[in-house]
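Each chain is listed here by its residues.
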Amino acid sequence: MESRRSPIVIGAGPAGLTAALRLAQRGVTPRLLEATGHVGGLARTPRSGDWCIDPGGHRFFTKSEEVMDLWNALLPPDQWLSVPRSSAMLVDGEYVEYPLVGRDIVTKLGIGRGLRGLSSFALWRMLRSTSPGGQPANFEEWGVHEFGRYWYTTFFDGYVRKTWLADPAELASDWANQRIKPIDWAVRRTRRHPSEDVFRYPRRGPGQLWDAAGAALVDAGVTPTLNTRVVRLWEHGGTWYVELHGGEVIKGDAVFSSMPLQSLVKALPEAPRKVHVAASTLRHRGLITVAVALSDHHEIPFNWVYTPGGEFSCGRIQNYGRWSEDLHPAGWGGTFLGFEYFVRPDGDLMAADESSLSEIVEADIRALGLGASRIEQVMVLRSQCAYPVYDPVRERSVGRIRDYLRRRYPTLHPMGRNGMHRYDNQDHAMMSAMQSVAKYFGEEVDPWQVNVGRDHHETGVLRR
Ligand SMILES: Cc1cc2nc3c(=O)[nH]c(=O)nc-3n(C[C@H](O)[C@H](O)[C@H](O)COP(=O)(O)OP(=O)(O)OC[C@H]3O[C@@H](n4cnc5c(N)ncnc54)[C@H](O)[C@@H]3O)c2cc1C
């Protein structure tokens, strides 16, 4: 019976690999199609000799036992690190711990600025309590109510403009209170539960796990087909026809898709105009990660440093040395950093040549105060669809597409971060893949419910 099944999985990122593994575990051999030359998607780990870069600083964290079991099955315990989590905002040359701590923000930037922040915070809190309204209309309103205008402007406004490439007043606020923790005012801070203070991390970066998933699939008889982009698909009489970039058409009984939702709709010729219109409103931000190895050792005691100020072009800096020493050559003693630039997927910067990027990065290295260090190694990584944009039309557009696909194509399973156009971490992408496979086998589950309720959210981290 199972041998008559012939599902097609689009994309070999965390969602596609998980779906293929689950299918293989249930005795079904899927076709796994990947547009690029590698597996791992956004969570891959590009390498150059002994240098490995993580495109976005991938913490491994999950509340799902199923996900945890799969991670443990793919990599043995000695390949996992427990990494202490620490991040800061770099404001006017001072590292201010993030999530924000009351004592820190009042004193770190000078007592004058501390008092201004405090009085603005008190004023907005008072206004909030005297006019309790509904949901704030946009991100700026949410931030001003939460932190007061002064601290909102100091810590968040510039950062959000850089990362979302938009005016915070034009961004929806619904993701903010899931992602941004309020100020911690405790006089004596109680340590968070130890499991919240550390995260897991594969020694050689997130792609180590996804390469292991690819190898496990090959062992199970499923070899991912790389450099194979899906361009069109249609269904007729219960059979799916999937057209590849070169013109070949393959057939299957179901499709699991982690390609971006709007590309999926574009590839479905039969979708009605209103669904195409909804898909055309979905937007992404791109990301350029420039990894730079500096010859001198500089002590930066954080995994990530957020850089909201105008003196930096980057929005965030990863400090790879604090993630894993195996991301650089053994015994090397310099500073290995990843500068993150948030860009329009089709903008000039995404297409910029290495020398223009070098100028930008070198200016950021100087702004960080490390301009005197010699650059030993530079690696550039571009991710076009790094972030699904949360603007006010996203929810309605995604809902319209979801309802149409559900009704018209019960054997088409969108899954994962871009596949569902939402802010999934790896574990969410994996869970929607697992649930899509369960649905394919007739279980009553709804993968669209993954990462919707509060239970799915990790509280307190400024994640993007
Ligand atoms: C900067 C940054 C930081 C992050 N930090 C974390 C973190 O700390 N922790 C965490 O858990 N997660 C993090 N994530 C999220 C994580 O990367 C994603 O959740 C995960 O990669 C999503 O997996 P996916 O398979 O749904 O999508 P993707 O990883 O995007 O994979 C989709 C795959 O489909 C392929 N594809 C697309 N179109 C086609 C097509 N037409 N035909 C064939 N193949 C196609 C793509 O090439 C890609 O390989 C971060 C992401 C970013 C960008």
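As annotated in an unreviewed UniProt entry, the chain is FAD-dependent oxidoreductase from Mycobacterium yunnanensis.

Across its full length, the chain carries 14 helices and 18 strands. Relative to the 2.2 N^0.38 estimate, which gives 23 Å for 464 residues, the radius of gyration of the chain is 23 Å and therefore close to what a compact globule would have. Taking the principal axes of the C-alpha coordinates as reference, the chain spans close to 70 × 60 × 45 Å. When burial is assessed residue by residue, the chain has 55% of its 464 residues classed as buried. Carbon together with sulfur atoms contributes 50% to the accessible area of the chain, which is approximately 20000 Å² in total.

Before going further, it helps to examine the pattern of salt bridges. Across all of its chains, the model carries 22 salt bridges by this definition. With a closest N to O distance of 2.7 Å, Asp 157 and Arg 161 form a salt bridge. With a gap of four residues between them, Asp 157 and Arg 161 both fall in helix 5 (residues 139-164), about one helical turn apart. Taken together, the shared-partner salt bridges in this structure form one network comprising Arg 402, Asp 403, Arg 406 and Asp 446.

The next subject is the sheet that holds strand 6 (residues 87-91). Read across the sheet, seven strands follow the order 7-6-14-15-16-13-17 without closing on themselves; strand pairing throughout is mixed. The strands lining the two open edges of the sheet, one partner per strand, are strand 7 (94-98) and strand 17 (375-388). Strand after strand, the sheet turns through a mean of 25 degrees between neighbouring axes, direction not considered. Relative to strand 16 (residues 335-343), strand 13 (residues 284-294) is paired through nine bridges, and the arrangement is antiparallel. For Ala 293, the partnering residue across the bridge sits in strand 16 and is Phe 336.

With that out of the way, let us pick up the packing of helix 1 (residues 14-25) against helix 14 (residues 426-440). Interaxial distance between helix 1 and helix 14 falls to 8 Å at its minimum, and their mutual angle equals 35 degrees. Like other packed secondary-structure pairs, helix 1 and helix 14 cross with a definite hand, here right-handed. Counted together, Pro 14, Ala 15, Thr 18, Ala 19, Arg 22 and Leu 23 of helix 1 and Gln 426, Ala 429, Met 430, Ala 433, Met 434, Val 437 and Tyr 440 of helix 14 form the full contact between these two elements. For the contact of helix 1 with helix 14, the class distribution of residues is 10 nonpolar, two polar and one charged.

Time to look at the domain arrangement of the chain. If you check the domain split of the chain, you get domain 1 (2-44 + 205-282 + 392-456), domain 2 (100-191) and domain 3 (284-388). Taking the mean C-alpha position of each, domain 2 and domain 3 sit 27 Å from one another. Carbon and sulfur atoms supply 58% of the area that domain 2 and domain 3 bury against each other, a total of about 890 Å² over both sides. Considering only the surface of domain 2 that becomes buried against domain 3, Tyr 159, Lys 162 and Leu 165 emerge as the three largest contributors, covering 67% of it. Where domain 2 packs against domain 3, one counts zero salt bridges. Viewed at the interface, domain 3 and domain 2 are joined by six residue pairs in polar contact (both at pLDDT 80 or more). Broken down by class, the residue content of the side of domain 2 that touches domain 3 amounts to four nonpolar, three polar and one charged.

Below, the discussion takes up the sheet that holds strand 9 (residues 230-236). Sheet architecture is open: three strands sit in the order 9-10-11, paired in antiparallel fashion. Strands with a single pairing partner mark the edges of an open sheet, and in this sheet they are strand 9 and strand 11 (249-252). Along the sheet, successive strands turn relative to each other by an average axial angle of 20 degrees, direction set aside. The pairing of strand 9 with strand 10 (residues 239-244) spans six bridges and is antiparallel. Looking at strand 10, one finds that Arg 232 is bridged to Glu 243.

It is worth spelling out the environment of Ala 137 at this point. With respect to the helices and strands, the residue Ala 137 is situated in the loop between helix 4 (111-130) and helix 5. In this structure, the C-alpha to C-alpha distance between Ala 137 and Ser 173, residues 36 residues apart in sequence, is 6.9 Å.

What counts and how
Residues numbered from 1 in each chain as written. Predicted model: local features only at pLDDT ≥ 70, side-chain atom pairs only at ≥ 80, totals over all residues. Heavy atoms only, no water. Helix = DSSP H or I, 4+ residues; strand = E, 2+ residues; numbered from the N terminus. Rg over C-alpha atoms; globule rule 2.2 N^0.38 Å. Buried < 20%, exposed > 50% of the residue type's maximum accessible area, 1.4 Å probe, protein only. Areas by Shrake-Rupley, 256 points an atom, 1.4 Å probe, with all protein chains shown as cover. Salt bridge = Lys/Arg side-chain N within 4 Å of Asp/Glu carboxyl O. Pairing = 2+ DSSP bridges. Axes fitted to C-alpha atoms, helices over the stretch in contact; angles between N-to-C directions. Left-handed = near helix turned anticlockwise from the far one by under 90°. Contact = heavy atoms within 4.5 Å. Nonpolar A, V, L, I, M, F, W, Y, C, P; charged D, E, K, R; others polar. Domains from an automatic or database assignment. Buried area = accessible area lost by both parts, 1.4 Å probe. Polar contact = N/O pair within 3.5 Å; in protein donor to acceptor, adjacent residues only side chain to side chain.

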